Amino acid sequence: MARDITRGLVSGEGEFSDAVWAEVLSAVDRTYADLIDYQERLEAKNAELETMRSFLGSILASVSDVLIVVSRSGRVEEVSASLAARTGASTAGFAGRPVAELFAEADRPALVAAMKRAALDRRPVTLEAGLIAAGDTTPLELSLSPRLDERARVTGHVLTGRPLGELRQAYAQLAASHDELKAAQTLLVRNEKLASLGRLLAGVAHELNNPISFVYANAHALDRYATKFETYFDRVQAGADRADLVRLREDLRLDREIRNLREAVAGARDGAERVRDIVEDLRRLSSDGAGEMEAFDLAETARIAASWVMRGSKRAVGIGFPVSAPVMALGRPGHVQQVVMNLVQNALDAVEEGGHVDLSVAAEGGRAVLSVADDGPGVPDAVRTLIFDPFFTTKAVGQGTGLGLAISAKIAEEHGGQLRLCPTDKGACFRIDLPLAEGAA
């Protein structure tokens, strides 16, 4: 073909020579265009490579943890500036060295075995090893990960390590922060309970004043009756005749006073029992609820908590207490009482004068369930997802902390239960479920 083209060109066959030259020039143009395209792509790849080198260099220079890139044969390829800073050597001085030489001799077999295990399992391996630094060793927690190519073949390893002292200090700080968080949470729970108790002080004083006044009045009556009986018995001891004693008995009205005496004793006993019940309820309510979980009657606990809220309320709102057999739940009665008080107080704040709040308790699906429903305006759709957030409140400034429902939900969660807003056609309904006590139906 080359001879033909040459012959055609030399012999002067113009038409044939022009076609050949056109073909040659076209091939040259294509080759040149391919070379230009290849050069552009090569320059783009070089730019990407340079960017990647710069990126990797900035990473190696900025990471605070020790970072070592190792080849498949176990020799160092790249190290971070933090390694050089810890050892006092230059980063270039590590290249080509066996990575095991950087660590204490006693830890080298474990390091080599970890590299083999990481390559075999294709997943990171964690171990502890002492880094040789300035004649001493610094214990590191190493994470050793295999490097894989596009065919998932192991091409080396990457070692990252942090001094164990720093890790232990970080863990200690984390534990201290966790303890502080728990203490703050406990303080919030107690502060919210104190806020609830503060709203009930007036009702407590009124409730205690009534039975105590009753006992006090009956004590005065008993003193008067005792004086009359002493007068009568003194005349008996003085030897008065029957007629005088009958007349004195009529004058002192002893027959009626004997009946009144029994009523006064019964009244005093009733007042004292009411004081005892109030003090017992207050003692249960003011307990911090800490300690181990215990079995308690959820219906009775709800009745006590709701009655205390009603005692402190000045509004004419009806309330329906749970009427059911004992429902034995497992938990801390003091905390559960606080939840009930928060729910009942919120319901009372929501309803108008003459409104109504209903409490119900039942055992459903292996859970002890308490519901608090009211006939108020209900919860708007816009805030249904926010009502359990801390410090969120729809009440006026100074009338609510915004912590009641958040703390109540947290208490329910700590008991292995849940506090949620129930769907209802009218008003609002909150429902809390708790674990049933062992053996409870």
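Residues numbered from 1 in each chain as written. Predicted model: local features only at pLDDT ≥ 70, side-chain atom pairs only at ≥ 80, totals over all residues. Heavy atoms only, no water.

So, on to the overall build of the protein. Within the protein, the secondary structure is distributed over ten helices and twelve strands. When burial is assessed residue by residue, the protein has 35% of its 441 residues classed as buried. Counted over contacts in the protein with a minimum sequence separation of 6, partners at least 24 positions apart contribute 61%. Taken as a whole, the protein presents about 26400 Å² of accessible surface, with 55% of it coming from carbon and sulfur. (Helix = DSSP H or I, 4+ residues; strand = E, 2+ residues; numbered from the N terminus. Buried < 20%, exposed > 50% of the residue type's maximum accessible area, 1.4 Å probe, protein only. Contact = heavy atoms within 4.5 Å. Areas by Shrake-Rupley, 256 points an atom, 1.4 Å probe, with all protein chains shown as cover.)

Buried residues dominate helix H10 (residues 404-414), accounting for eight of its eleven residues. Among all positions of H10, only Gly 404, Leu 405, Ala 406, Ile 407, Ser 408, Ala 409, Ile 411 and Ala 412 are buried. Just beyond H10, the residue with positive phi is Gly 416, at close to 80°.

As enumerated under the stated definition, the model contains zero disulfides in all. Note on Cys 422: no disulfide assigned, nearest cysteine sulfur contributed by Cys 429 at a separation of 3.7 Å. Relative accessible area serves as the criterion here: at 11%, Cys 422 is assigned to the buried category. By relative accessible area, Cys 429 is classed as buried at 12%. (Disulfide = S-S within 2.5 Å.)

Considering the arrangement of structural elements, one finds Asp 374 in strand E10 (residues 367-374). Asp 374 gets classed as buried once you look at its relative accessible area, which sits at 9%. Linking Asp 374 and Gly 318, residues 56 residues apart in sequence, is a C-alpha distance of 10.0 Å. At 2.9 Å, the side chain of Asp 374 and the backbone nitrogen of Gly 376 are in polar contact. (Polar contact = N/O pair within 3.5 Å; in protein donor to acceptor, adjacent residues only side chain to side chain.)

Relative to the elements of secondary structure, Ser 71 occurs in strand E1 (residues 66-71). Judged by relative accessible area, which is 11%, Ser 71 ranks as buried. Once residues lying within four places of it in the same chain are set aside, the contact partners of Ser 71 are Glu 77, Arg 147, Thr 155, Gly 156 and His 157.

This part is about the side chain of Ser 408. With respect to the element layout, Ser 408 can be found in helix H10. A polar atom in the side chain of Ser 408 sits 3.1 Å from the side chain of Asn 342.

The subject of this paragraph is the sheet that holds strand E7 (residues 318-320). Spatially, E7-E9-E10-E12-E11 is the arrangement adopted by the five strands of the open sheet, whose pairing is mixed. Unpaired on one side and paired on the other, E7 and strand E11 (418-421) mark the two borders of the sheet. Recorded for the sheet is a direction-independent mean angle of 15° between the axes of neighbouring strands. Looking at chain direction, E11 and strand E12 (residues 429-435) are connected through four bridges and run antiparallel. Each residue of the ladder has a partner; that of Leu 421, found in E12, is Phe 430. Across the face of the sheet, H10 comes into contact with E11 and E12 while running at roughly 135° to E11. (Pairing = 2+ DSSP bridges. Axes fitted to C-alpha atoms, helices over the stretch in contact; angles between N-to-C directions.)

Taken over all residues, the pLDDT of the protein has a mean of 76, while the share at 70 or more is 77%. Scored below 50 in pLDDT, residues 8-14 shows five contacts in the model against residues more than four places distant or in partner chains. (pLDDT = per-residue confidence, 0-100.)

Here we come to the pairing of E10. Across a regular strand the side chains alternate sides, sitting on one face of the sheet and then on the other. Burial analysis of E10 places six of its eight residues in the buried class, which makes it a mostly covered element. The antiparallel pairing of strand E9 (residues 356-364) with E10 creates a hairpin that spans two residues between the two strands, and Gly 365 there sits at a positive phi of about 60°. Of the strand pairs in this sheet, E10 and E12 are connected by seven bridges, and their pairing is antiparallel. Paired with Ser 371 across the strands is Arg 431, a residue of E12.

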